[in-house]
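Now for the letters of each chain:
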Amino acid sequence: MAEFVEKRCEDMIPELEQMERIKLFDKNEIREIAKKRKEYEYKIQRHTKCKEDYLRYIQYEMDLLKLVKQRRDKFGITQKKSSIDYAIANKVNHLYEEAIMKFQEDLRFWVAYMKFCKHVRFYNSVSRMIGRMLQIHQDKPKCWYIAARWELEENKNTENAKQFLLRGLHFHPESRLLYTEMFRLELAEAPAEVKTEDDQKDERKQSTDDMPIELKRAYIIYQQASKHVKDVKFVIDLLNIMKEYPDTDKLQNKIVNGLVEDYSHEPLMWDTMARRELEGLVRPCSEESKLGITNTEQTTPRDRISLCNEVYQTAIKKIKTEEMWSLYIECLLEINQDIGSLPNFKRKLLKTALIQAHNAKKLKEKYYVYWIGMLNNDQKDENSQKKLHEVLCWATEAIPDSVSLWHMRLKHYFATDQEDSASAAFTEAIKRLREKSLPIWKMKLLYVQAKDPEKTEEVFKAALQAEPAIAKDFKPKYIEWLVLTKNIQMARKVYKALCMEPPFGLELHKKMENLELMQPEIILKHARKPYEMAILHFGNNNVNVWIDYITFEMKHSDPKNVADLHSRAVKTLDSTLVDTFISKFSLLKTDSDSIGATT
């Protein structure tokens, strides 16, 4: 192996000498390049080959080639391009070929090699490599697609591209990728027609027999694809592709008819047809029987929106699912984003659809939220407020486990000072939401603190009797409120009771620790209490409660107590956590000793 590596390194010497001679690199840089290449050569010649070694070597040579070009541009050096630049590119080429031979199953090398060849214009190398790639990877549709794109984009050979796609489809008759690319190729070759106004009016009545041969071929591809790929999304993708090409109305007509016939049970089909009405695109023949719309010309934006709405109205009668309603409302929301024209008309259609979806019990939470937000932005007259209240009630009745909807309803009551309604809604909300009702309790607390502070403690006590998740969250808030509004003695008394009552939460003890440390005079007896309680409840499986307690003793008490705490921690903690505790304790002790030494 060493002899082989030395031979390859010797072969690079003329190239390196040329670099130094024309002053692209100095002597030290040349020495570094030679050293790096030798290291990489040894790596790729090992018995156990590694993909990453090849990739790193290739990247190094690519970076070197880039640097050579930069220095040529900077210093105006034009000599010896063939013996330096070409030599580096040729070296990368050989590295890729070696890597591909050794790791044929990894498609990344093939694709990266094609990109490299394109970059350095080694087109003949790619043509040879494509044949090998397809022999090895004919089971991958993407490879046939890559070969076709190369022929089309680099060799400008449409016929060869089609042949690759057809051969690929022979092996992969269900490949959407290959059908889609073949379909695009035929559309791209179709000649553009110059149409008169009369031609455009009569176009839908004409037979598809007079389509250009390329569009007929595209239709045949669609027919074959639709036999093997039974998916409405695929057909819709083909329809969307045709929007990019002119004069495809006759072909669109055929495919639209097939879509309506084959997928009348699919919400996406109806959504597509409705949106095509909105865009004024080709309809299916005999649309009245299929889509339930009148034979009206799509002349104005209002007409197109109306016809779009008619299609959706037919759809929701045939397909009574939440998905169908959601597609309908989503489209109307998009229409309502542009309020520069027909704002009242668009808004009316949206409100009607929202009411219909609610009545059908198919309206999603996010659309209730949008609806409520829309009503909140209306003028605040009596009718609008009445409607808002009605929709809020509808929303929480339809989706009683939605925190957002209950939150919006209570916020409305609090903002409008409807205390009786708020009280009733709050009771119902916490009953429905149970452990998810924390945001509702927080809103209630904020409202009471602002409007009726005397009842604040009443809310706290009620929360402590609620679901465990609510009580655990409110315990630290309660003792903090007691300190702020009453005194530390009252907080200590309540804490003593709360810390022994489930549910147990570490936050309660942390809050009490902080409150004790904030006092003008720290009383050790009371300050230690929350640390001891934290250890009682969480000392088996939480290292930090011990570290916190030790830190407190180091700062505020006799350091001799630290040794006792260390011993207790080692005995009490789960055996799997003892090493972690010892490590953290050592760091803490080191920091403490360092601070003491500096002071």
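Model, not experiment: these values are computed from the prediction.

Draft legend 1. Main features of the overall build of the protein. Assigned secondary structure in the protein consists of 32 helices and zero strands. Expressed as lengths along the three principal axes of its C-alpha atoms, the size of the protein is roughly 90 × 85 × 45 Å. Residues counted as buried form 44% of the 599 residues belonging to the protein. Considering only residue pairs separated by 6 or more positions, the protein has 61% of its internal contacts joining residues 24 or more positions apart. Within the structure as shown, the protein displays about 32,400 Å² of accessible surface, and the carbon and sulfur contribution to it stands at 51%. Within the protein, one finds 99 positive and 94 negative side-chain charges whose respective centroids are separated by 3 Å.

Draft legend 2. Layout of the packing of helix H23 (residues 419–433) against helix H24 (residues 438–451). Closest axis-to-axis distance for the H23/H24 pair is 10 Å, and the angle between their directions is 155°. Here H23 lies roughly antiparallel to H24, going by the angle between them. The handedness of the crossing between H23 and H24 comes out as left-handed. Counted together, Glu419, Phe426, Ala429, Ile430 and Leu433 of H23 and Ile440, Trp441, Lys444 and Tyr447 of H24 form the full contact between these two elements. The residue inventory of the contact of H23 with H24, partitioned by class, reads seven nonpolar, no polar and two charged.

Draft legend 3. View of the pattern of salt bridges. Following the criterion strictly, the structure yields 39 salt bridges and no others. Between Glu334 and Arg275 there is a salt bridge, with the nearest N and O atoms lying 2.9 Å from each other. Taken together, the residues Glu334 in helix H18 (residues 322–335) and Arg275 in helix H15 (residues 267–279) connect sequence positions 59 residues apart. We classify Glu334 as partly exposed; its relative accessible area is 39%. Given the relative accessible area of 23%, Arg275 is considered partly exposed. Between Arg434 and Glu467 there is a salt bridge, with its nearest N and O atoms 3.4 Å apart. Pair noted here: Arg434 is in the loop between H23 and H24 and Glu467 is in the loop between helix H25 (456–464) and helix H26 (468–485), with a separation of 33 residues, a long-range link. Given a relative accessible area of 44%, Arg434 falls into the partly exposed group. Connected through shared salt-bridge partners, Glu159, Lys162, Glu186, Glu189 and Arg217 make up one network.

Draft legend 4. How the structure looks around helix H14 (residues 249–262). Between its first and last C-alpha atoms H14 spans 20 Å; for 14 residues at 1.5 Å apiece the expected length is 20 Å, and the two agree. With 10 of 14 residues buried, H14 lies mostly within the body of the structure. Every buried residue of H14 is accounted for by Lys250, Leu251, Gln252, Asn253, Ile255, Val256, Asn257, Gly258, Leu259 and Val260.

Draft legend 5. Structural detail: the packing of helix H13 (residues 232–242) against H14. Across the interface, H13 lies against H14 with an axial gap of 11 Å and an inter-helix angle of 165°. On the basis of the axis angle, H13 is roughly antiparallel to H14. In this structure, H13 meets H14 at a crossing whose hand is left-handed. Of the residues in H14, those in contact with Val232, Val235, Ile236, Leu239 and Met242 of H13 are Leu251, Gln252, Ile255, Val256 and Leu259.

Draft legend 6. Looking closely at the nonpolar core. Formed by 120 residues in total, the largest nonpolar core has its most connected members in Met19, Phe116, Phe183, Leu251, Leu259, Ile329 and Trp371. Among the elements that line this core, the one with the most residues is H18, at nine residues. Residues within four places of Met19 in sequence aside, it is in contact with Leu24, Phe25, Ile30, Ile33, Leu64, Ile84 and Ile88. Grouped together as the second largest cluster of nonpolar side chains are 38 residues, Trp406, Leu410, Leu438 and Ile479 included.

Draft legend 7. Representation of the packing of aromatic side chains. Applying the stated criterion to the full structure yields 26 aromatic pairs. Every member of this aromatic cluster is reached through a ring pair, and the members are Phe426, Trp441, Phe460, Phe474, Tyr478 and Trp481. Here Arg302 stacks its cationic end above the ring of Phe345, 4.0 Å away from the centre of that ring. In this arrangement the basic side chain of Lys444 is found over the ring face of Phe426, its NZ or CZ atom lying 5.0 Å from the centre.

Draft legend 8. View of the confidence of the model for the protein. The predicted model of the protein has a mean per-residue pLDDT of 89, with 93% of residues at 70 or higher. Ranking the elements of the protein by mean pLDDT puts helix H11 (residues 197–202) last with 48 and H18 first with 97. A low-confidence stretch, residues 199–208 stays under pLDDT 50, and its non-local contacts, those more than four residues away or across chains, total 15 contacts.

About the criteria used
- Residues numbered from 1 in each chain as written.
- Predicted model: local features only at pLDDT ≥ 70, side-chain atom pairs only at ≥ 80, totals over all residues.
- Heavy atoms only, no water.
- Helix = DSSP H or I, 4+ residues; strand = E, 2+ residues; numbered from the N terminus.
- Buried < 20%, exposed > 50% of the residue type's maximum accessible area, 1.4 Å probe, protein only.
- Contact = heavy atoms within 4.5 Å.
- Areas by Shrake-Rupley, 256 points an atom, 1.4 Å probe, with all protein chains shown as cover.
- Lys, Arg positive; Asp, Glu negative; His and termini not counted.
- Charge placed at Lys NZ, Arg CZ, Asp CG, Glu CD.
- Axes fitted to C-alpha atoms, helices over the stretch in contact; angles between N-to-C directions.
- Parallel < 35°, antiparallel > 145°, perpendicular 65-115°, else oblique.
- Left-handed = near helix turned anticlockwise from the far one by under 90°.
- Nonpolar A, V, L, I, M, F, W, Y, C, P; charged D, E, K, R; others polar.
- Salt bridge = Lys/Arg side-chain N within 4 Å of Asp/Glu carboxyl O.
- Expected span 1.5 Å × (residues − 1).
- Core = buried A, V, L, I, M, F, W, Y, C linked by side-chain atoms within 4.5 Å.
- Phe/Tyr/Trp six-rings, centres within 6.5 Å; stacked < 30°, edge-to-face > 60°.
- Lys NZ or Arg CZ within 6 Å of the ring centre and 35° of its normal.
- pLDDT = per-residue confidence, 0-100.

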